[in-house]
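These are the residues of each chain, in order.
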Amino acid sequence: MNIQAVLKNVNPKSKIGTINIYLNFVTEFDRNQIFVKTPIRIEKRYWNNGKIRKSHPNYNEYSQLLASEQGAVLDLVNDLRLQGVPITSDSFKSYRDKKNEGIKDLVTLAKEYIAIRTDATKRLRDKLNNLVTRLEDFSNGKKFYHSQINQKWVNAFSTYLQTPQPNHPNKYLRTGQQPATIHKTFKFLKQVLHFYSKTGVIDDSFKSLNYPKAFTQKQMVFIESEIRKLIEYQPTRDSIKRVKDLALIQLFTGLRYSDAIKINQSNIFNEQLAITAEKTNQNINIPLHPALKNILEKYDYDLSPLKITNQRYNDHLKDLVKLAGIESKAEYIYFENGVKKTCQKHKYELVASHTFRRTFITNAIIKGIPLHVIQSITGHTTLKQLSEYVNIADSIKQQEMNKMNELFRV
């Protein structure tokens, strides 16, 4: 028997592949080859002839992990030999599944997955950690395993996610999730399960289950007259003044909040704002609107003093919009005990940081700016991603035209 580690499925862009344990059995009758996927993923440049290069930043940790994976494979092979079971790909996989079952619970697997995903962004790691927190709370500290994930479990976990717990000691678990968020929570869960299914740790029975569907909330934007009210409003509180300036920067650029607060002198070049989007890594160049230039000059081209948490920013935005005299309402869809309901809420209740990016894009479409130009400004990777904004813009056009009904009535 020969055993060695090989790097397989290297992504042509990221150059990251998955380490497999390769077993080669030769008997007088036939030859068996077994590839065992491990959870270890590394860049090709750190791999050399079955070994991890010492130049790898986490060489010791990864080498120990690889040695552990190889040792576990050899232990399984020795167990099969002692039992007199012919070693084939099928017998090996079947025995390994039986051994793995019940050894590591789902929360442990999820935590190990997060640790392995060294390539994950902070945003993704936060989402996965939130999933672990929810799973631990749902199971009430008891261990449960992937084999327990059936349709009844999916339905129960979905009900748990949407149910408010106002007295929960963890403030982040007090409010129930809306359908769009529940869909994303299950999406992250399936990401973990899919990973361990591909590496052979668990079976793929979870794929046949029915999970909560995606739900898109009807998005709210400000129309031109409301934008004018925001621009003309003069706050008296310093905190609202700063929030207004940051909101206008988003209105004039279409930037996300996370990108807007990063602006400094180095981002200004040749009368343009040049910035790399944090979420997509896209390079964005935006012509400087005169009003935008005035705000940047006010802060000496350094917006770091405006930085606050996203939650506080959203809270202050609600005050800003209300104080600016915007009293209009928008449709809001919510779910109560799993039942879909619709109501009208004031825009100052619904406003959030992304509203101003959405407002910029929607009004740019209404004004007739070509989509490919808007895309180059907003940093969307595809035109398809702008399609929802086209629908919003069309609905606003219809609302505005409805105001002409009295004039056209015969």
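Everything quoted here is computed from the prediction, not taken from an experiment.

Novice: Residue-level account of the environment of Ile275, with values.
Specialist: Here Ile275 is to be found in strand E7 (residues 272-276). Relative accessible area serves as the criterion here: at 6%, Ile275 is assigned to the buried category. Considered as a pair, Ile275 and Gly84 are 191 residues apart in the sequence and their alpha carbons are 64 Å apart. In contact with Ile275, other than residues within four places in its own chain, are Leu255, Asp259, Lys262, Ile263, Asn267, Gln282, Asn283 and Ile284.

Novice: Tell me about the sheet that holds E7, and name the residues and values.
Specialist: Across the sheet, three strands lie side by side as E6-E7-E8; this open sheet has antiparallel pairing. For this open sheet the edge positions go to strand E6 (268-269) and strand E8 (283-287), each flanked by a neighbour on one side alone. Of the pairings in the sheet, the one linking E7 to E8 comprises five bridges and is antiparallel in character. The residue bridging Gln272 from the neighbouring strand is Pro287, located in E8.

Novice: Please set out a nonpolar patch on the surface residue by residue, giving values where relevant.
Specialist: Residues Met1, Ile3 and Leu74 make up a contiguous nonpolar surface patch of about 220 Å² in total accessible area. Relative to the elements of secondary structure, Ile3 occurs in strand E1 (residues 2-8). What makes Ile3 partly exposed here is its relative accessible area of 32%.

Novice: Explain helix H1 (residues 59-82) to me, using residue names and the numbers behind them.
Specialist: Between the first and last C-alpha of H1 there are 34 Å, a value that for 24 residues agrees with the 34 Å anticipated at 1.5 Å per step. After H1 finishes, the residue Gly84 shows a positive phi value of roughly 75°.

Novice: Please give an account of the pattern of salt bridges that cites residues and values.
Specialist: Following the criterion strictly, the structure yields 11 salt bridges and no others. One salt bridge in this structure joins Lys241 and Asp238, with 3.9 Å as the shortest N-O distance. With Lys241 and Asp238 both in helix H8 (residues 238-253), this residue pair falls three residues apart, about one helical turn. Here Lys241 falls in the partly exposed class, since its relative accessible area comes to 34%. One salt-bridge network, held together by shared partners, links Arg41, Arg117 and Asp119.

Novice: Explain helix H10 (residues 290-298) to me, using residue names and the numbers behind them.
Specialist: Three or more residues of H10 are buried, namely Leu292, Ile295 and Leu296. One face of H10 carries all of its buried residues, which in axial projection span an arc of 100°. Along H10, the residues that are exposed and aim more than 90 degrees away from the buried face are Pro290, Asn294 and Lys298. Here the buried face of H10 lies against H8 and E6. Within two residues after H10, Asp300 carries a phi angle of roughly 55°, on the positive side.

Novice: Explain unusual backbone geometry to me, using residue names and the numbers behind them.
Specialist: At Asn9, a position not held by glycine, the phi torsion is positive, near 55°. Mapped onto the elements, Asn9 comes out in the loop between E1 and strand E2 (16-26). One non-glycine residue with positive phi stands out, namely Asn49, at about 55°. For Asn49, the location among the structural elements is in the loop between strand E4 (47-48) and strand E5 (51-52). Using a relative accessible area of 72% as the deciding quantity, one classes Asn49 as exposed.

What counts, and where the lines are drawn
- Residues numbered from 1 in each chain as written.
- Predicted model: local features only at pLDDT ≥ 70, side-chain atom pairs only at ≥ 80, totals over all residues.
- Heavy atoms only, no water.
- Helix = DSSP H or I, 4+ residues; strand = E, 2+ residues; numbered from the N terminus.
- Buried < 20%, exposed > 50% of the residue type's maximum accessible area, 1.4 Å probe, protein only.
- Contact = heavy atoms within 4.5 Å.
- Pairing = 2+ DSSP bridges.
- Patch = residues over 30% accessible without salt bridge, like charges linked within 9 Å, V, L, I, M, F, W, Y side chains within 5 Å.
- Areas by Shrake-Rupley, 256 points an atom, 1.4 Å probe, with all protein chains shown as cover.
- Salt bridge = Lys/Arg side-chain N within 4 Å of Asp/Glu carboxyl O.
- Expected span 1.5 Å × (residues − 1).
- Arc of directions from axis to C-beta.

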